[in-house]
Amino acid sequence: MSKATLGALLVFLFVITGFLGILFGSVPLPISEIWETVRGDGPAAHRDILLNLRLPRVLLAAFVGGGLGLAGATFQALLRNPLAEPYILGISGGASFGAVSVISFGLAASSSWTLPLAAFAGALLAIFLVFRVAISSGGVMDVRVLLLSGVVIAAFFSACIAFILSISPAQTIQSAVLWTMGSLAGADWAQVLIAAVYTIPAGVTLIALARPLNLMAIGEETAYYLGTNVEGVKRISLVIAALITAVSVAVAGVIGFVGLVVPHTVRILVGSDHRGLLPLSFLAGGTFLMTADLIARLALSPIEIPIGVITALIGVPFFLVLLRQSSVRR
Amino acid sequence: MMRVRGQPALILKLLVYFAVLTSACQSTLKEKDSSSPNRIVLIDAAGLEVNLERPAQRIISLVPSATQTLEALGVSHKLIGRTDFDVEDWASDIPSVGGGLEPNFEKIIALKPDLVVRFAGEQDPNTRSRLDDFGIAHLSISPDRLTDLYKSILLLGKATGAEVVAASIILSIKEDLVDLQQWTSEKPRLQVAYILGGSPPWVAGPGTYIDEILGIAGAQNVFSDLGFLYGSVSPEQMRSRIIDVVLISDNAQFDHKLTPEARVEKIGKALEFPGPNLAQTAKQIAHILHQYQL
Amino acid sequence: MKFEAKDLVIKYPGQSRPALNGVNMSAPSGSLYAVLGPNGSGKSTLMKALIGAQIPDRGAALVAERNVRDWDRKALARAIGVVSQTERVSFPINVREMVSMGRYPHLGLLEGEDDKDRHIVREAMEVCDVKNLANRDLSTLSGGESQRVRIARALAQEPTALVLDEPTSSLDIKHTMEILELLKQSVASGLTVILITHGLDLAARFSDRMLLLSEGQVAVEGTPAEVVNEDALAKVYDWPVRVQWESTTGSPSVTPLHKN
């Protein structure tokens, strides 16, 4: 499949999925009414639902899913490891730790942004610790050490969270677990704005670094020989990808699987050139998450299934089929 | 390029940037409400001020005990939304908005409530702020002790214009409980455990209405020395205490082998919610323990 | 483009002796310069120092009479094509895409490849006999094929010099000879070629000058005839050898003897 074909297909799916996400929800809104409602002629409640519940939610899904796709592709290139994904540097562990701490101290309800801020702070803490460990005295960042320290830091935060939960009352545990399973239910325009402000410039920067990333994915030595500023590219890309992930986790909880599978799927279809891989991973990730969110909302309405469950349930079979087909082709 | 010692400063900057951005977004997007002087002003269980133009007419209850209270107050016709945990027969026709902690907001908004009753406390940090975002009045109640129950009944009564009924319900509950307590004070105290279910078993500790009701019904809650309101206990803890009677709700699974010498009695759903029927429940328990005449 | 090392000392942390201990060498511009020596004698370290990938503890490496560390990184990449011994690729990529990466030093961040770039890539693939593999994924190639792909990538850089670390180790006779003859042609058209290899015979046959390293120091530097002699080799490799010069090709053949 050529990049252009996949690109066109994904843009189409992206837009369609977005529309479907706005059209459908737990409260049926007749399609004929939608346009009137947006213009302001329909009932106020319906307008509220469309513009203040569904639209921000769909947009947030697009940015978070797209961001995770971008981050996943970037980490896979920089760590030269197909198993890499956005949470590999312990970011989800740090964010969960921040969120759970705030919930258990009874501060989460004090303001609607306490929880995301705490999660973001926890994520930054994890990033800081992991980078600190991985940068040697010579200022060189060894990605193998990065990988290892990410695993270790993640385990550490896991233990801290388990400890906090073991001495917490039932309600805290329930809140904490629900948060970590990921949810876009709390999406509002403020979160959409933040996600956009972080993800768009980050995405643009990463796409501009597509060629150096191509080289880094082959090897740091090769990249150096072909003129790349290896340490510089490494740091900028890692920090950007980590920040995108931190913001995603802060607003939506831990949504797994997207950052791992989406880049691989795109790679199987159009190859590893990051000039195509990055923007297509963004589109594919956004589409994927918008679809998953729609299913999460509708399947057992009015109850919402945690979105991480849906991403895994859809993603796994889809990816396995793709994997089989690609190995058969070879 | 970035050096290690520059990173703490960078991280601090990022945090501040994020915080400023979120709060800026919040304040620009939230519409300020400056309405006329209000008819009803209440302080709810979370200490928040609740303003209602007039008695609530369209209520969504996210708290099962509040649903029961609304019925006792005679305003169940004002209930337009409930949760999946409300299993009263009379409420089955009323649409559900999902679970109490993560209610479905589309449903809530579509029902156009003028009051949402929710749990005070940490469980669901988002509901309160989202209700504020949409300009929907909300009242929180606490489900912990008997005093919380009385306060809830009064709050709901005031909010629905049924203040007089509320006061009389509270009085009647109090009288019944005082009478019962006097009656059971002459009976030997039995060691009782109330199991909510689960494995390991989930029990009620001190500071809960369960603890208080058991005391009034002539029982000593064997778990009144625990350090939490609700939590699980190990088999060792169960064995190490003398338990005369184990009370469980109908749905609960309980392994009798944990308390081989105790008498196990099912008491239905009576103690599951701190609702207005607690006085009846107390008498029921006193009947089981001490043959109190119902 | 001349490559020089002046009193080069490089010591890796935790090692008992320096990898390079005062090495002086000079690869003249437009020559085929072979670097040989036993394992651990410092060949790869010297190569890394000459292309600026390893900072010397003392002394300097110079490219075109300028300290290699003073060169602009991208300019150096346009000037020198490096072929390392092995490369492990974790992601799907085909031969054409791999060879095209050789054009990156010539392209700006947002610049696209044009017809000239594609033509150069095609030529490089053809010269290295990998054009028929253009759409094959790298993971399906043999060791020798991927070595030729890496050489093609270096050629696509249109470099002024080529530095190769054991480029023919996995190649059969045909491809080995083809590559060496290609390198000889490149030298004839003006490139400088530095070649690290274990193949004494072919190195002596094709190179203009040779360097024999031993334990981080220069054992002999000079013409093939000067370097490939029995005493020097026996001493450096700690093994007795016989050297016979072949009249038809004008190259020596080195035969290891038995050690007693």
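All of these numbers come straight from a predicted model, not from anything done at the bench. (Residues numbered from 1 in each chain as written. Chains lettered and ligands numbered in written order. Predicted model: local features only at pLDDT ≥ 70, side-chain atom pairs only at ≥ 80, totals over all residues.)

(A) Examining the overall build of chain B more closely. If you tally the helices and strands in chain B, you get nine helices and 12 strands. Counting across all 294 residues of chain B, residues that qualify as buried make up 42%. The long-range fraction of contacts in chain B, counting pairs at least 24 apart against all pairs at least 6 apart in sequence, stands at 55%. (Helix = DSSP H or I, 4+ residues; strand = E, 2+ residues; numbered from the N terminus. Buried ≥ 20, exposed ≤ 12 C-beta atoms within 10 Å, placed from the backbone. Contact = placed C-beta atoms within 7 Å.)

(B) Broad picture of the overall build of chain A. On a plain count of helices and strands, chain A comes out with 14 helices and zero strands. Along chain A, helices (α) and strands (β) appear in the sequence α-α-α-α-α-α-α-α-α-α-α-α-α-α when read from the amino end. The C-alpha radius of gyration of chain A comes to 20 Å, within 12% of the 20 Å expected for a compact globule of 330 residues. With respect to the principal axes defined by its C-alpha atoms, chain A has extents near 65 × 55 × 35 Å. Looking at chain A as a whole, 59% of its 330 residues are labelled buried. Residue pairs in contact within chain A that sit at least 24 positions apart in sequence constitute 76% of those at least 6 positions apart. (Rg over C-alpha atoms; globule rule 2.2 N^0.38 Å.)

(C) Seen up close, the domain arrangement of chain B. All names here are of chain B. Domains assigned within chain B are domain 1 (40-161) and domain 2 (186-290). Contacts between domain 1 and domain 2 engage 11 residues on the former and 11 residues on the latter. Counting residues per element, the side of domain 1 that touches domain 2 draws most heavily on helix H2 (residues 64-72), which supplies five residues. Class assignment of the residues belonging to the side of domain 1 that touches domain 2 gives a composition of six nonpolar, three polar and two charged. (Domains from an automatic or database assignment. Nonpolar A, V, L, I, M, F, W, Y, C, P; charged D, E, K, R; others polar.)

(D) Spatial organisation of helix H12 (residues 258-270) of chain A. Residue and element names in this part refer to chain A. Compared with the 18 Å implied by 1.5 Å per residue over 13 residues, the 18 Å span of H12 between its first and last C-alpha is a close match. For H12, the buried fraction is high: 11 of the 13 residues fall into the buried class. Regarding H12, the residues found buried are Val258, Gly259, Leu260, Val261, Val262, Pro263, His264, Thr265, Val266, Arg267 and Leu269. (Expected span 1.5 Å × (residues − 1).)

(E) Here's a closer look at the interface of chain C and chain A. Across the contact, 18 residues belong to chain C and 21 residues belong to chain A. It is helix H2 (residues 73-79) of chain C that contributes the most residues to the side of chain C that touches chain A, three residues altogether. Class assignment of the residues belonging to the side of chain C that touches chain A gives a composition of 12 nonpolar, two polar and four charged.

(F) View of the interface of chain B and chain A. Chain B puts 44 residues into the contact, and the matching count from chain A is 46 residues. The set of elements that each furnish at least two residues to the side of chain B that touches chain A consists of helix H1 (7-29), helix H3 (105-111), helix H4 (125-133) and strand E10 (230-232) of chain B. With 12 residues, H1 of chain B is the largest single contributor of residues to the side of chain B that touches chain A. For the side of chain B that touches chain A, the class distribution of residues is 21 nonpolar, 13 polar and 10 charged.

(G) Quick look at the packing of helix H4 (residues 91-104) of chain A against helix H6 (residues 143-166) of chain A. Residues and elements named next belong to chain A. Between H4 and H6, whose axes approach to 8 Å, the crossing angle comes to 15°. With respect to H6, the element H4 is oriented roughly parallel. Of the two possible hands of crossing, H4 and H6 adopt the one that is left-handed. In contact with Gly93, Gly94, Ser96, Phe97, Val100, Ser101 and Ser104 of H4, H6 contributes Ile153, Ala154, Phe157, Ser158, Cys160, Ile161, Ile164 and Leu165. Looking at side-chain class alone, the contact of H4 with H6 contains nine nonpolar, six polar and no charged residues. (Axes fitted to C-alpha atoms, helices over the stretch in contact; angles between N-to-C directions. Parallel < 35°, antiparallel > 145°, perpendicular 65-115°, else oblique. Left-handed = near helix turned anticlockwise from the far one by under 90°.)

(H) Representation of the arrangement of the chains in the model. Interchain contacts are distributed over two pairs of chains, and the most extensive set of them lies between chains A and B. When C-alpha atoms are compared, chain B and chain C, though not in contact, are closest at a spacing of 16 Å.

(I) Molecular detail of unusual backbone geometry. In this model, lysine 112 of chain B sits at a positive phi of 55°, which is unusual for a non-glycine residue. Inspection of the secondary structure puts lysine 112 of chain B in the loop between H3 and strand E5 (115-119). On the neighbour-count criterion, lysine 112 of chain B (15 C-beta atoms within 10 Å) is partly exposed. Backbone geometry at aspartate 238 of chain C places phi at a positive 55°, although glycine is not the residue there. By C-beta crowding, aspartate 238 of chain C is classed as exposed, having 10 other C-beta atoms within 10 Å.

(J) Expanded view of the environment of serine 158 of chain A. Residue and element names in this part refer to chain A. With respect to the secondary-structure elements, serine 158 resides in helix H6. The exposure class of serine 158 is partly exposed, given the 15 C-beta atoms found within 10 Å. For the pair formed by serine 158 and alanine 185, sequence separation is 27 residues and the distance between their alpha carbons is 25 Å.

(K) Quick peek at helix H6 (residues 163-185) of chain B. Residues and elements named next belong to chain B. A rise of 1.5 Å per residue sets the reference length of H6, with its 23 residues, at 33 Å; its end C-alpha atoms lie 33 Å apart and thus fit the reference within 8%. Of the positions making up H6, those classed as buried are Ala166, Ile169, Ile173, Leu180 and Thr184. Summarising the contacts, the buried residues of H6 are in contact with H2, helix H5 (146-159), helix H7 (209-216) and helix H9 (278-290).

(L) Inspection of the nonpolar core at higher detail. Of all hydrophobic cores here, the largest spans 260 residues; its most connected members are Leu60, Ala123 and Ala246 of chain A together with Leu50 and Leu195 of chain C. In terms of residue count, helix H3 (residues 44-78) of chain A provides more of this core than any other element does, 17 residues in total. Here this core spans two domains, since at least three of its residues come from each of domain 1 (40-161) and domain 2 (186-290) of chain B. When residues no more than four places from it in sequence are discounted, the contact partners of leucine 60 of chain A are Leu184, Ala187, Gln191, Val192, Ala195, Val251 and Ala252 of chain A. (Core = buried A, V, L, I, M, F, W, Y, C linked by C-beta atoms within 7 Å.)

(M) Expanded view of the sheet that holds strand E4 (residues 58-63) of chain C. All names here are of chain C. Spatially, E2-E1-E4-E5 is the arrangement adopted by the four strands of the open sheet, whose pairing is antiparallel. On the outer flanks of this sheet lie strand E2 (20-27) and strand E5 (66-67), each paired with one strand and no other. Direction of pairing for E4 relative to E5: antiparallel, over a ladder of two bridges. Counterpart to valine 63 in the pairing with E5 is arginine 66. Against the sheet, helix H1 (residues 43-50) touches strand E1 (3-10), E2 and E4, its axis set at about 120° to E1. (Pairing = 2+ DSSP bridges.)

(N) Inspection of the sheet that holds strand E6 (residues 138-141) of chain B at higher detail. Residues and elements named next belong to chain B. Read across the sheet, four strands follow the order E4-E3-E5-E6 without closing on themselves; strand pairing throughout is parallel. Edge positions in the sheet fall to strand E4 (79-81) and E6, since each has one partner strand and no second. Here the average twist between neighbouring strands, direction ignored, is 35°. Relative to E4, strand E3 (residues 59-61) runs parallel, the two sharing two bridges. Each bridged residue has a counterpart across the sheet, and for isoleucine 60 the counterpart in E4 is glycine 81.

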